[in-house]
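What the coordinates show
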Amino acid sequence: MNKRSYPYIILVTIAIFLALGAATMALNKVFEDRLSQGYMMEYMFFTGLVQVALSAIVIQIMKKNQVFYADEFTSRGLLEGIKLGWLAYIFSAALFTLNYFGQDRSLFTRPSFLSILIVLFSALATGFFEEVLVRGFVLNSINEKLQGVPGRTKKAMLISSAIFALAHLLNLFMNPDFFFVIANVIQAFMMGLYLSAIYVRSRNLIAPSIIHGIVDFATFILYAILSPEALSSMMNAPQPEPTGSLWVTFFVQMAITVPFLISGLLMMKKVEDKTA
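Residues numbered from 1 in each chain as written. Predicted model: local features only at pLDDT ≥ 70, side-chain atom pairs only at ≥ 80, totals over all residues. Heavy atoms only, no water.

1. Digging into the overall build of the protein chain
Heads up, the rule is: In this text, helices come from DSSP runs of H or I with a minimum length of four residues, and strands from runs of E with a minimum of two, each type numbered from the N-terminal end. Here the globule rule is a power law, 2.2 Å times the number of residues to the power 0.38, and the radius of gyration is based on C-alpha atoms. Think of it in three bands: with a 1.4 Å probe and only protein chains considered, a residue is buried below 20% of the maximum accessible area for its type, exposed above 50%, and partly exposed in between. Two residues qualify as a contact provided that any one of their heavy atoms is within 4.5 Å of a heavy atom in the partner residue. Every accessible area reported is derived by Shrake-Rupley at a probe size of 1.4 Å, with residue values counting cover from the shown protein chains alone.
If you tally the helices and strands in the protein chain, you get 12 helices and zero strands. In the protein chain, the succession of α and β elements from N to C terminus is α-α-α-α-α-α-α-α-α-α-α-α. Its C-alpha atoms give the protein chain a radius of gyration of 19 Å, within 12% of the compact-globule value 19 Å for 276 residues. Each principal axis of the C-alpha atoms in the protein chain carries an extent, and together these give about 60 × 35 × 35 Å. The burial tally for the protein chain puts 47% of its 276 residues in the buried class. Partitioning the contacts of the protein chain with sequence separation of at least 6, the portion at a separation of at least 24 is 82%. Put simply, the protein chain shows about 13700 Å² of open surface, and 68% of that area lies on carbon and sulfur atoms.

Right under this line is the structure:
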């Protein structure tokens, strides 16, 4: 199979995501008792380690396919990429604020410094893993495959974001809530296009990794500041049936992610074809 054929790119992406899913399920089993009691830190730490290991594997695959560009892992273009992520910082601050003030104060506990570090590590590991896989491997492989095609980088951004979004359907193996997964797929495409634009504009892969990690941290930090009792209650609660209120939640989730799509499309207007 041609190394830059679409089936090859998709199969590698699915294989890596399935490897992560298998590792996640194994860790769920190992820490089942701790998770049921609301203790998340061990699970998050080892999940982060798995993602770091998978990132290293993806980098080797990138090198084998000649789409690894060492200067994209340096400080070159990093500051420009960080600046382009301003919308994500506003979003993350708003998300954390809404999550924090939307909870009963009695559910919170004072987190240890180690817990905060573990959550930060987990968030950054998640961001780095997904950016290396989707922007580093998928986008660059498609970009190289489309050599000679006008606007190839813009096409690669759209196709890679679609592959990234559809890969989230694999979450159905771990979460049978179809309603939630479909929302996740749509959001992944919009956020993926935004991060692709930052990557291509900055020519730096660390920048979107950090930005992605910051967005995840805004949610992950709740695992450190909510009490184990509160987390246990949330995780053991039955999944709600789709109702009118859930549809409202769905459209609200879409609405708050649309600015990322708009920002990504606006940045994409200034994108020139990416060369090695």
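We are not done yet, so read on.
2. Some points on the environment of Ala-94
Here Ala-94 is to be found in helix α5 (residues 86-101). Taking the C-alpha atoms as reference points, Ala-94 and Ala-218, 124 residues apart in sequence, are found 8.9 Å from one another.

3. Considering α5
What counts, and what does not: What a helix is expected to span follows from its residue count: subtract one and scale by 1.5 Å. What the arc covers is the set of directions going from the helix axis to the C-beta atoms.
The terminal C-alpha atoms of α5, which comprises 16 residues, lie 23 Å apart, in line with the 22 Å expected from a rise of 1.5 Å per residue. Taken as a whole, α5 has its buried residues at Leu-87, Ala-88, Phe-91, Ser-92 and Leu-95. All buried residues of α5 fall inside an arc of 130 degrees around its axis, so they share one side. Residues of α5 that are exposed and point over 90 degrees away from its buried face: Ile-90 and Phe-101.

4. As for a nonpolar patch on the surface
Heads up, the rule is: Note on patches: the residues involved have over 30% relative accessible area and no salt bridge, like charges join within 9 Å, and the nonpolar side chains Val, Leu, Ile, Met, Phe, Trp and Tyr join within 5 Å. When a carboxyl oxygen of Asp or Glu lies within 4 Å of a side-chain nitrogen of Lys or Arg, that pair is called a salt bridge.
There is a patch of nonpolar side chains on the surface, built from Phe-113, Leu-114, Leu-117, Leu-120 and Leu-124 and spanning about 480 Å² of accessible area. Along the polypeptide, Leu-117 turns up in helix α6 (residues 113-145).

5. Some words on the side chain of Glu-72
Rule in force here: Within 3.5 Å is the distance limit for a polar contact, defined as a pair of N or O atoms, with the added protein rule that one can donate a hydrogen and the other accept it, and that residues adjacent in sequence qualify only through two side-chain atoms.
For Glu-72, the location among the structural elements is in the loop between α3 (41-64) and α4 (78-84). A distance of 2.5 Å separates the side chain of Glu-72 from the side chain of Tyr-199, its partner in a polar contact. If near-sequence neighbours (up to four positions away) are discounted, Glu-72 is found in contact with Asn-140, Tyr-199, Arg-203, Asn-204, Leu-205, Ile-206 and Lys-274.

6. Some details on the nonpolar core
As a reminder, the rule being used: By nonpolar core is meant a set of buried Ala, Val, Leu, Ile, Met, Phe, Trp, Tyr and Cys residues that side-chain atoms within 4.5 Å join together.
Counting 52 residues, the largest nonpolar core has Leu-133, Phe-137, Met-157 and Tyr-194 as its most contacted members. Elements with a contribution of two residues or more to this core: α1 (6-30), α3, α5, α6, α7 (152-167), α8 (178-202), α9 (206-220) and α12 (244-268). Counting residues per element, this core draws most heavily on α8, which supplies 11 residues.

7. Describing unusual backbone geometry
Its identity as a non-glycine residue notwithstanding, Gln-66 has a phi of 60 degrees, on the positive side. Phi at Arg-203 takes a positive value of approximately 55 degrees, unusual for a residue other than glycine. Tracing the sequence through the fold places Arg-203 in the loop between α8 and α9. Classification of Arg-203 by relative accessible area gives partly exposed; the value is 32%.

8. With respect to the environment of Pro-7
As for its placement among the helices and strands, Pro-7 is situated in helix α1. By relative accessible area, which is 45% here, Pro-7 ends up partly exposed.

9. Observations regarding the pattern of salt bridges
Inspection of the entire model under this criterion finds four salt bridges. Across the salt bridge formed by Glu-42 and Arg-34, the nearest N and O atoms sit 2.9 Å from each other. Between Glu-131 and Arg-135 there is a salt bridge whose closest N-O contact spans 2.7 Å. Here Glu-131 pairs with Arg-135, and both are found in helix α6, just four residues apart, close to one helical turn. Each member of the pair, Glu-131 as well as Arg-135, is classed as buried.

10. Thoughts on α3
With 24 residues, α3 should reach 34 Å at 1.5 Å per residue; the first-to-last C-alpha distance of 35 Å fits that figure. Listing the buried residues of α3 in full gives Met-41, Tyr-43, Met-44, Thr-47, Gly-48, Gln-51, Leu-54, Ser-55, Val-58, Ile-59, Ile-61 and Met-62. Buried residues along α3 sit against α1, α2 (32-36), α6, α9 and α10 (222-225). The first or second residue beyond α3 is Gln-66, which carries a positive phi of 60 degrees.

11. Points about the packing of α5 against α9
Axis angle and axis distance: for two packed helices, these are the angle between their axes and the distance between the axes, and together they describe the pair. Applied cut-off: What counts as an axis is a line fitted to C-alpha atoms, over the stretch in contact for a helix, and the angles between N-to-C directions run from 0 to 180 degrees. Under this scheme an angle from 65 to 115 degrees is roughly perpendicular, one under 35 degrees roughly parallel, and one over 145 degrees roughly antiparallel; angles in between are oblique. Three residue categories are used. Nonpolar comprises Ala, Val, Leu, Ile, Met, Phe, Trp, Tyr, Cys and Pro, charged comprises Asp, Glu, Lys and Arg, and polar comprises the others, including Gly.
At a minimum axis distance of 8 Å, the contact between α5 and α9 shows a crossing angle of 10 degrees. One element, α5, and the other, α9, form an angle in the roughly parallel class. In this structure, α5 uses Ala-88, Tyr-89, Phe-91, Ser-92, Leu-95, Phe-96 and Asn-99 to contact α9, whose residues at the interface are Ile-211, Ile-214, Val-215, Ala-218 and Thr-219. Looking at side-chain class alone, the contact of α5 with α9 contains nine nonpolar, three polar and no charged residues.

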